[in-house]
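What follows is the residue order along each chain.
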Amino acid sequence: MAGFGSEASAILRACLGHARAEWLETARFKAMWLYQIGWAFLFFVPLALAGAAFGDAGFEASGGGQSFLAYAVTGYVALNVAIGALWRGVEFLRRSNLTGTLAHVWVTEAPRWTALVGATTVNVGFALFQSLLVLLFVSTLFRGHGFAISMAAIAAVLVTLVAFFGMGLGFAGLGLVARGAQLPSALSALAMVMAGSSYPIAILPWSVRWITYVNPYTYVIDLLRTTTIGTQPLFPIGIEFLIVGAIALASVAGGAWAYARCERIAIQRGLVGLHA
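All of these numbers come straight from a predicted model, not from anything done at the bench.

J.: Can you help me understand the overall build of the chain in this one?
T.: Summing up its helical and strand segments, the chain has 10 helices and 0 strands in all. Put simply, the chain runs from its N terminus to its C terminus through helices and strands in the order α-α-α-α-α-α-α-α-α-α. When each of the 276 residues of the chain is scored for burial, the buried share is 43%. At a minimum sequence separation of 6, the contacts of the chain that also span at least 24 residues come to 77%. As displayed, the chain has an accessible area near 14200 Å², and 71% of this comes from carbon and sulfur atoms.

Right, here's the structure in full:
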């Protein structure tokens with residue numbers, strides 16, 4: 001038991017060390033913080049204008065709740081945080097390989113995946129910061145749009161992060177062996193469109209609505225909306241927690257397997273440390 005505890009402590013220190021390196025690499029630029037604030041404001045403005053232009057009449061009847069603005073904001077905020085967990089590993093490996101530091105990171109005694117955990121943690125932190133700014137803008141400028149931060153909402157966020165980090169492991173490995181792949185932008189756009197980020201999926205025709213029910217992000221975003229603004233869930237909340245939990249377990253197991261396999265292929269093909 002003592003051996004397990006010391007090993008877990010060593011892994012945690014490695015994750016924190018990589019997170020610290022990532023923080024020092026990105027947070028030292030003052031312009032980056034201005035970007036965080038500017039992004040949050042520019043992100044919020046189109047949603048606010050759309051809500052003001054079209055109003056909320058009939059929106060609740062479609063299953064979207066009482067406010068289009070609150071519905072759209074929670075959807076896009078959830079997407080932003082999930083993408084931070086999903087794609088940071090891809091970007092970290094790409095950048096490290098371009099600069100020639102990846103091979104040096106991999107020869108340390110810590111497990112190689114700890115570098116992905118550290119980089120992802122910092123990026124998710126930035127995404128959460130942006131999300132809190134957006135929620136602050138909405139709550140301050142549009143009174144009456146309250147967002148509840150409950151234990152259920154926190155649990156939903158944590159399970160979501162595990163699920164998308166697991167998927168990110170697989171895509172990070174794929175990025176090692178298939179450089180220049182445009183999967184991040186393509187899949188992010190598909191998730192945004194087909195998971196009901198800014199509209200109730202009930203308005204979709206059945207010929208395409210079935211896609212939303214096999215899209216993991218649909219349940220993630222629905223669970224977060226239910227626990228923050230009180231919209232009606234697609235399934236009972238307990239069932240949705242089970243669905244998202246199962247997605248998280250499957251994605252971590254599948255992502256770890258895919259990452260390890262792609263990592264071996266990348267090493268065998270000499271794709272690590274090419275500076276290109």
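More follows now that the structure is in view.
J.: Even after reading the chapter, I still don't get helix H3 (residues 68-99), so can you show me in this structure?
T.: Residues lying three or four places apart along an α-helix face the same way, a consequence of the helix completing one turn every 3.6 residues. Taking 1.5 Å per residue as the helical rise, H3 with its 32 residues ought to reach 46 Å, and the 44 Å between its terminal C-alpha atoms agrees with that figure. At Trp-87, H3 shows its largest bend, some 40°. Just past H3, the residue Gly-100 takes up positive phi, approximately 80°.

J.: Just to check I follow, could you spell out the nonpolar core for this structure?
T.: Grouped burial of nonpolar side chains is what soluble globular proteins tend to show. Judged by nonpolar contacts, the single largest core of 39 residues is most densely connected at Leu-93, Leu-116, Phe-164, Tyr-217 and Tyr-259. For this core, the secondary-structure elements that each account for two or more residues are H3, helix H4 (102-106), helix H5 (113-141), helix H6 (151-177), helix H9 (216-228) and helix H10 (237-268). Broken down by element, the residue count for this core peaks at 11 residues, all from H3. Ignoring anything within four residues of it in the chain, the contact list for Phe-164 reads Ala-82, Ala-85, Leu-86, Tyr-217 and Val-220. Leu-69, Val-77, Val-134 and Val-138 belong to the second largest nonpolar core, which has 6 residues in total.

J.: Explain the packing of H9 against H10 here, please?
T.: A pair of packed helices is captured by two measures, namely the crossing angle of their axes and the spacing between those axes. Viewed as axis vectors pointing N to C, H9 and H10 meet at an angle of 135°, and their least axial separation amounts to 10 Å. If you check the angle between H9 and H10, you find them oblique. In this structure, H9 crosses over H10, and the sense of that crossing is left-handed. Within the contact between the two elements, H9 uses Pro-216, Tyr-219, Val-220, Asp-222, Leu-223, Thr-226 and Thr-227 and H10 uses Ile-237, Glu-240, Phe-241, Ile-243, Val-244 and Ile-247.

J.: Can you walk me through the packing of H6 against H10 in this structure?
T.: Packing of H6 against H10 brings their axes to within 7 Å, and their N-to-C directions diverge by 20°. Our classification of the angle between H6 and H10 gives roughly parallel. The hand of the H6/H10 crossing is left-handed. Residue composition of the contact of H6 with H10, by class: 23 nonpolar, 6 polar and 1 charged.

J.: It is not clear to me how empty space enclosed by the protein should be interpreted in this structure. Could you clarify?
T.: By rolling a water-sized probe across the atoms, one finds the places where empty space is left. With the rule as written, the count across this model stands at 1 cavity of 30 Å³ or more. Quantified by volume, the largest cavity comes out at close to 30 Å³. Taken together, Ala-85, Leu-86, Gly-89, Leu-116, Thr-120, Phe-165, Gly-168, Leu-169 and Ala-172 make up the full set of residues lining the largest cavity. Secondary-structure elements contributing two or more residues to the lining of the largest cavity are H3, H5 and H6. For the lining of the largest cavity, the element with the highest residue contribution is H6, accounting for 4 residues.

J.: Could you clarify how one ought to interpret the confidence of the model for the chain in this entry?
T.: When pLDDT is low, close inspection of the predicted coordinates is not appropriate. Taken residue by residue, the chain gives an average pLDDT of 76. The fraction at 70 or more is 80%. Per-element confidence in the chain ranges from a low mean pLDDT of 65 for helix H7 (residues 183-194) to a high of 85 for H10.

J.: What's the story with the packing of aromatic side chains in this structure? I'm lost.
T.: Each pair of aromatic rings is reported with the distance of its centres and the angle of its planes. Under the definition given, this model contains 3 aromatic pairs. Ring centres of Trp-23 and Phe-126 lie 5.9 Å apart, and the angle between their planes is 15°; this geometry places the pair in the stacked category. Of this pair, Trp-23 sits in helix H1 (residues 2-26) while Phe-126 sits in helix H5, and the two are 103 residues apart along the sequence. By relative accessible area, Trp-23 is classed as partly exposed at 41%.

J.: Just to check I follow, could you spell out the environment of Val-122 for this structure?
T.: By secondary structure assignment, the location of Val-122 is in helix H5. The exposure class assigned to Val-122 is buried, which follows from its relative accessible area of 11%. On a C-alpha basis, the gap between Val-122 and Ala-21 in space is 9.7 Å, while along the polypeptide they are 101 residues apart.

J.: How should the side chain of Glu-22 be read in this particular structure?
T.: By the element assignment, Glu-22 lies in helix H1. On the basis of relative accessible area, Glu-22 is assigned to the buried category, the value being 4%. Setting aside residues up to four positions removed in sequence, Glu-22 forms contacts with Arg-88, Phe-92, Arg-95, Ala-119 and Val-122.

Cut-off values and rules
- Residues numbered from 1 in each chain as written.
- Predicted model: local features only at pLDDT ≥ 70, side-chain atom pairs only at ≥ 80, totals over all residues.
- Heavy atoms only, no water.
- Helix = DSSP H or I, 4+ residues; strand = E, 2+ residues; numbered from the N terminus.
- Buried < 20%, exposed > 50% of the residue type's maximum accessible area, 1.4 Å probe, protein only.
- Contact = heavy atoms within 4.5 Å.
- Areas by Shrake-Rupley, 256 points an atom, 1.4 Å probe, with all protein chains shown as cover.
- Expected span 1.5 Å × (residues − 1).
- Bend = angle between axes of the 7 residues up to and from the residue.
- Core = buried A, V, L, I, M, F, W, Y, C linked by side-chain atoms within 4.5 Å.
- Axes fitted to C-alpha atoms, helices over the stretch in contact; angles between N-to-C directions.
- Parallel < 35°, antiparallel > 145°, perpendicular 65-115°, else oblique.
- Left-handed = near helix turned anticlockwise from the far one by under 90°.
- Nonpolar A, V, L, I, M, F, W, Y, C, P; charged D, E, K, R; others polar.
- 1 Å grid on protein atoms, 1.4 Å probe; cavity = no way out; pocket = protein on both sides within 12 Å on 5 of 7 lines; lining within 4 Å.
- Points joined across faces, edges and corners; volume = space filled by probe spheres on them.
- pLDDT = per-residue confidence, 0-100.
- Phe/Tyr/Trp six-rings, centres within 6.5 Å; stacked < 30°, edge-to-face > 60°.

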